[in-house]
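# Examination of the molecular architecture
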Amino acid sequence: MSLKTKEKIYGLLGFPVKHSLSPRMHNAALAALKIKAKYKLFPIPPQEFKNFIASLKVKNIYGFNVTYPYKEEILSFLKTKSVEVKKIGAANTVVVDRFGKLHGFNTDGLGFIQDLKVLKIRPQKVALIGAGGAAKAVSFACGKLKVQELCIYDQDKFKALSLFKKLNSEYPETKFDVVRRITDLDLAKKDLLVNATPVGMQATDALLISGRDLHPGLFVYDLIYSPRETKLLALAKAHNLNFANGLGMLFYQGVFAFRHFTGKNPPLKIMQEALGKGA
Ligand code: NAP
């Protein structure tokens, strides 16, 4: 079988990746558009990372998403970087061209922005918990949206400060702040709270904030999508606040990634249903 007729391979590179929902939505879209390709999981341990990148052509891999812990490590292998990759300093989508060269994109922030649009939220004063990979994408998205204020808390204050410095030089129209304690996020004056930490994925995880910090004007957005309702979202629900989990962001980052991979518009409803998000 010649390379041209061989089934193209796409996938998700990370470690671990076994709970990912990405194969479901991408494979549903590929099948619906009758594209001869499969989206797989690439659970690559760190010691195999370089060999994996070197073997993309042989494996017939034409594109892949990147997740923890490789979103930054992949940068040095990229031939070109999108504006978002340059700003955020991380890539979550890579296209492999016919010469085997890699082109990096970051669709996480765009996915977050698109989901806010669909949810009809126009935040002005944002509190962000976390300063890791996902938080970077969210904070640059907030800068792009020109929110008035973005206040960041991370248990690793150096990570938060380094993100703060990058944001400050990139988006002068937004007032950025870093706080040392989660209670200093001053939720009473915020209209959006985003959790961009993994806290809430495990049933034994502590609740990040207390109910007394909540008020009716606060929208609570948890980037976690498994479980679909974290303790944080359950708290928001109990206080009658509006809230969302990370499925919407996951969905839209996947939609943008699919366009990069195939050059085609994916069937949104089919992708949504495959994700279990509902139309
Ligand atoms: P990450 O790079 O490991 O960043 C997580 C950050 O949260 C780290 O800086 C970590 O600090 C900090 N943190 C951990 N526990 C904390 C706590 N109790 N208080 C304050 N900060 C704390 O992870 P990530 O890739 O950004 O992912 C974060 C979450 O977002 C995950 O649940 C992931 O599944 C989700 N996510 C969702 C989407 C989506 O499309 N919905 C996309 C990307 C990620 P340390 O380094 O000190 O641990």
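Here goes a summary of the coordinates provided. Note that the structure is predicted; figures quoted are calculated from it, not measured. (Residues numbered from 1 in each chain as written. Predicted model: local features only at pLDDT ≥ 70, side-chain atom pairs only at ≥ 80, totals over all residues. Heavy atoms only, no water.)

The next thing to look at is unusual backbone geometry. Here the bond from tyrosine 68 into proline 69 is cis, since omega is 5°, no more than 30 degrees from zero. Looking at where proline 69 falls in the secondary structure, it is placed in the loop between strand 3 (61-66) and strand 4 (80-81). One non-glycine residue with positive phi stands out, namely lysine 146, at about 60°. Tracing the backbone shows lysine 146 in the loop between helix 5 (133-144) and strand 8 (149-153). Exposure remark for lysine 146: the relative accessible area of 48% places this residue in the partly exposed category. You will see that aspartate 186, though not glycine, has its phi angle at about 55°, which is positive. Checked against the element boundaries, aspartate 186 lands in the loop between strand 9 (175-178) and strand 10 (192-195). (Helix = DSSP H or I, 4+ residues; strand = E, 2+ residues; numbered from the N terminus. Buried < 20%, exposed > 50% of the residue type's maximum accessible area, 1.4 Å probe, protein only.)

Now for the nonpolar core. Ranked by size, the top nonpolar core spans 31 residues in total, and within it Phe112, Val194 and Tyr221 carry the most contacts. Elements with a minimum of two residues in this core: helix 4 (108-119), strand 7 (125-129), helix 5, strand 8, helix 6 (157-170), strand 10 and strand 11 (219-222). The dominant element in this core, judged by the number of residues it contributes, is helix 5, at six residues. With sequence-adjacent residues up to four places away left out, tyrosine 221 is seen in contact with Phe112, Asp115, Leu116, Leu119, Leu192, Leu193, Val194, Asn195, Ala244, Asn245, Gly248 and Met249. Grouped together as the second largest cluster of nonpolar side chains are 21 residues, Leu250, Val255, Ala257 and Met271 included. (Core = buried A, V, L, I, M, F, W, Y, C linked by side-chain atoms within 4.5 Å. Contact = heavy atoms within 4.5 Å.)

Another point: the sheet that holds strand 6 (residues 102-105). Read from one edge of the open sheet, six strands run 2-1-3-5-6-4, paired in mixed fashion. Strand pairing shows two members of the sheet lacking a second neighbour, strand 2 (37-43) and strand 4, which therefore form its edges. In this structure, strand 1 (residues 8-14) lies alongside strand 2, joined through seven bridges in parallel fashion. If you follow tyrosine 10 over to strand 2, its bridge partner there is tyrosine 39. Relative to the sheet, helix 1 (residues 22-32) contacts strand 1, strand 2 and strand 3, its axis offset from that of strand 2 by approximately 165°. Packing of helix 8 (residues 247-262) onto the sheet brings it into contact with strand 1, strand 2, strand 3, strand 5 (93-96) and strand 6, and relative to strand 5 it is tilted by some 10°. (Pairing = 2+ DSSP bridges. Axes fitted to C-alpha atoms, helices over the stretch in contact; angles between N-to-C directions.)

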